[in-house]
Each structure stands twice: as C-alpha cells, then as structure tokens.
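One-letter residues, chain by chain:
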Amino acid sequence: MKVAIIYTSVTGNTRDLVDTINQIFLRHSFNVEVFSVTQFPYLNQLNRFDAIVVGTYTWGDGDVPMEMKELFHAFEKQDVKSVTTGIVGTGDSFYPKFCGAVDEFRDMLYVQTNLAATLKIELVPQLLDLSRCERFVMSMILRIERMQEERKKQDRFLYS
Ligand SMILES: Cc1cc2nc3c(=O)[nH]c(=O)nc-3n(C[C@H](O)[C@H](O)[C@H](O)COP(=O)(O)O)c2cc1C
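Just so we're clear, the structure is a prediction, and the values are computed from it rather than from any experiment. (Residues numbered from 1 in each chain as written. Predicted model: local features only at pLDDT ≥ 70, side-chain atom pairs only at ≥ 80, totals over all residues.)

**Q** Is there a simple way to explain the overall build of the protein in this structure?
**A** Looking only at helices and strands, the protein features 4 helices and 5 strands. Starting at the N terminus and walking to the C terminus, you meet the elements of the protein as β-α-β-β-α-β-α-β-α. Its C-alpha atoms give the protein a radius of gyration of 15 Å, near enough to 15 Å, the size a compact globule of 160 residues would have. Each principal axis of the C-alpha atoms in the protein carries an extent, and together these give about 55 × 35 × 25 Å. When each of the 160 residues of the protein is scored for burial, the buried share is 33%. In the protein, the proportion of contacts linking residues at least 24 apart, taken out of those at least 6 apart, comes to 79%. (Helix = DSSP H or I, 4+ residues; strand = E, 2+ residues; numbered from the N terminus. Rg over C-alpha atoms; globule rule 2.2 N^0.38 Å. Buried ≥ 20, exposed ≤ 12 C-beta atoms within 10 Å, placed from the backbone. Contact = placed C-beta atoms within 7 Å.)

This is the structure:
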C-alpha cells in the first residue's frame with residue numbers, strides 16, 4: 001500500500017498540519033511518504049501511489065500557490081481515477097475565500113480521482129482540530145480499503 005503526502009508551506013502552518021496527518025496514519029500502521037512539492041520526483045507517475053494527500057496553503061485572492069500548479073495540472077492530465085485522494089489546507093478566515101486553494105483542488109480531484117475527504121484548518125492546527133484530523137484520516141483509510149476490495153473483486157472476475 002503506497003500512500004504519499006505532497007505539500008507546500010511557506011510559514012510552517014501547512015507543514016504542521018501534514019505532520020499531524022502523517023502521525024495519525026502512522027498510528028494506524030500506514031507508512032506514508034511525505035514530499036515537499038518542489039522535491040516530488042513522481043509528477044509524471046501519480047498513479048504509482050494508491051493514495052495521495054495534498055496539503056496546501058492559499059495565496060492571493062483564494063488562489064492555488066504557484067508551486068502547486070504543476071501538481072494540479074498533473075492530476076488533470078493523467079489517468080488517476082483509481083487513486084484515492086484527500087485535500088487538506090490551512091488558511092486565514094480574514095480573507096473572503098477561506099482556504100480557496102482547497103476548494104480548487106477539491107473540485108478538480110472530485111472529477112479526476114477517488115476523492116475521499118477534505119479538511120480546512122484556521123492557520124495552525126490546534127488541539128481541538130485533532131479530532132477533525134482523525135476523521136480525515138479515517139475517511140481516507142476506509143476509502144483506500146474499499147478501493148482495494150474493488151480491485152480484488154475485479155481481479156477475481158477477470159481471472160476466473
Ligand atoms: C498575501 C497573502 C494572501 C493570502 N490569501 C489567502 C486567501 O485568499 N484565503 C485564505 O484562506 N488564506 C489566505 N492567506 C493566509 C495563508 O493561506 C495562511 O496564513 C496559511 O496558513 C499559510 O500557510 P503556511 O504557513 O503553510 O505557509 C494569505 C496569506 C498571504 C500572506
């Protein structure tokens with residue numbers, strides 16, 4: 001089972017969030033590879049992963065940060081229907097489009113992939129956000145397991 005978290009963070013809030021998500025996956029015995037988007041080496045092979053969590057802050061007027069655009073377009077261009085995905089982000093509700101980049105990714109991932117969950121956090125994750133992070137990871141895990149079952153069923157059908 002291959003799971004990746006691909007994220008970007010300038011001031012550290014989103015990095016804290018993906019660290020929390022990673023810890024929860026670990027507690028559930030899922031080994032996750034964490035990549036900063038600028039060092040992600042598999043942009044052309046997204047479907048080498050069973051599941052991908054994207055982590056992003058929001059920039060400008062509800063915009064996807066520049067460094068995330070290549071990843072965004074990679075999801076749009078590739079056949080990633082069977083990749084289970086989740087999108088998490090931090091933002092500041094002072095801005096009119098709170099976590100607008102999460103919304104942009106959510107709409108695209110819903111069409112392109114097997115989108116399981118979305119999570120928006122106000123600036124830095126607080127203790128109170130932990131249960132929301134837990135629920136996010138549980139939704140991902142349930143969906144990953146369901147997808148695995150589907151694959152097994154298809155294989156049994158094809159090779160019977
Ligand atoms: C110039 C600028 C524009 C921003 N625009 C938005 C926005 O439209 N919506 C939002 O929710 N947050 C916005 N933010 C807030 C950041 O997304 C937020 O501080 C985030 O937690 C930063 O993440 P990071 O610490 O991982 O870099 C903006 C911040 C800056 C500096």
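There is more to say, and it comes next.
**Q** Looking at this structure, I do not really get the UniProt feature "domain: Flavodoxin-like" (unreviewed entry) in the protein. What am I missing?
**A** Taken from the UniProt record, the annotation "domain: Flavodoxin-like" (unreviewed entry) applies to residues 3–141. Secondary structure within residues 3–141 divides into 35% helix and 24% strand; the distance between the first and last C-alpha atoms comes to 10 Å. (UniProt positions renumbered as here; feature names shortened; annotations may be inferred.)

**Q** Would you explain the sheet that holds strand 2 (residues 32–36) in this entry?
**A** What links the strands of a sheet is backbone hydrogen bonding, and the strands pair in either a parallel or an antiparallel sense. Strand order in the open sheet made by the 5 strands is 2-1-3-4-5, with parallel pairing throughout. The sheet terminates laterally at strand 2 and strand 5 (114–122), the two strands that pair on one side only. Taken over all neighbouring pairs, the strand axes of this sheet differ in orientation by 15° on average, direction set aside. As judged from the 5 bridges shared by strand 1 (residues 3–7) and strand 3 (residues 51–56), these two strands associate in the parallel manner. Paired with Y7 across the two strands is G55, which belongs to strand 3. Running at roughly 170° to strand 4 (residues 84–91), helix 3 (residues 100–112) makes contact with strand 3, strand 4 and strand 5 of the sheet. (Pairing = 2+ DSSP bridges. Axes fitted to C-alpha atoms, helices over the stretch in contact; angles between N-to-C directions.)

**Q** Honestly, the environment of Y7 in this entry has me stumped. Any pointers?
**A** With respect to the secondary-structure elements, Y7 resides in strand 1. For Y7, a count of 26 C-beta atoms within 10 Å puts it in the buried group. Between the alpha carbons of Y7 and F35 there is a distance of 6.5 Å; along the sequence they are 28 residues apart. Once you skip the residues sitting within four places of it in the chain, Y7 turns out to touch T14, R15, V18, S36, V37, G55 and T56.

**Q** Looking at this model, I keep getting lost on the site of the ligand. Mind explaining?
**A** As a matter of local geometry, the ligand sits amid 21 residues, with S9, N13, T14, Y57 and G91 nearest to it. Those elements giving two or more residues to the shell around the ligand turn out to be helix 1 (13–27) and strand 4. Residues belonging to the shell around the ligand are distributed by class as follows: 7 nonpolar, 11 polar and 3 charged. (Near = placed C-beta within 6 Å. Nonpolar A, V, L, I, M, F, W, Y, C, P; charged D, E, K, R; others polar.)

**Q** Looking at this structure, I do not really get the packing of helix 2 (residues 69–77) against helix 3. What am I missing?
**A** When two helices pack together, their arrangement is given by the angle between the helix axes and the distance between those axes. Helix 3 packs onto helix 2 with a crossing angle of 25° between their chain directions and a minimal axis gap of 9 Å. Here helix 2 lies roughly parallel to helix 3, going by the angle between them. Note that helix 2 runs across helix 3; the crossing there is left-handed. When helix 2 is examined against helix 3, the residues F72, F75 and E76 are found in contact with a partner set consisting of F105, M108, L109 and Q112. (Parallel < 35°, antiparallel > 145°, perpendicular 65-115°, else oblique. Left-handed = near helix turned anticlockwise from the far one by under 90°.)

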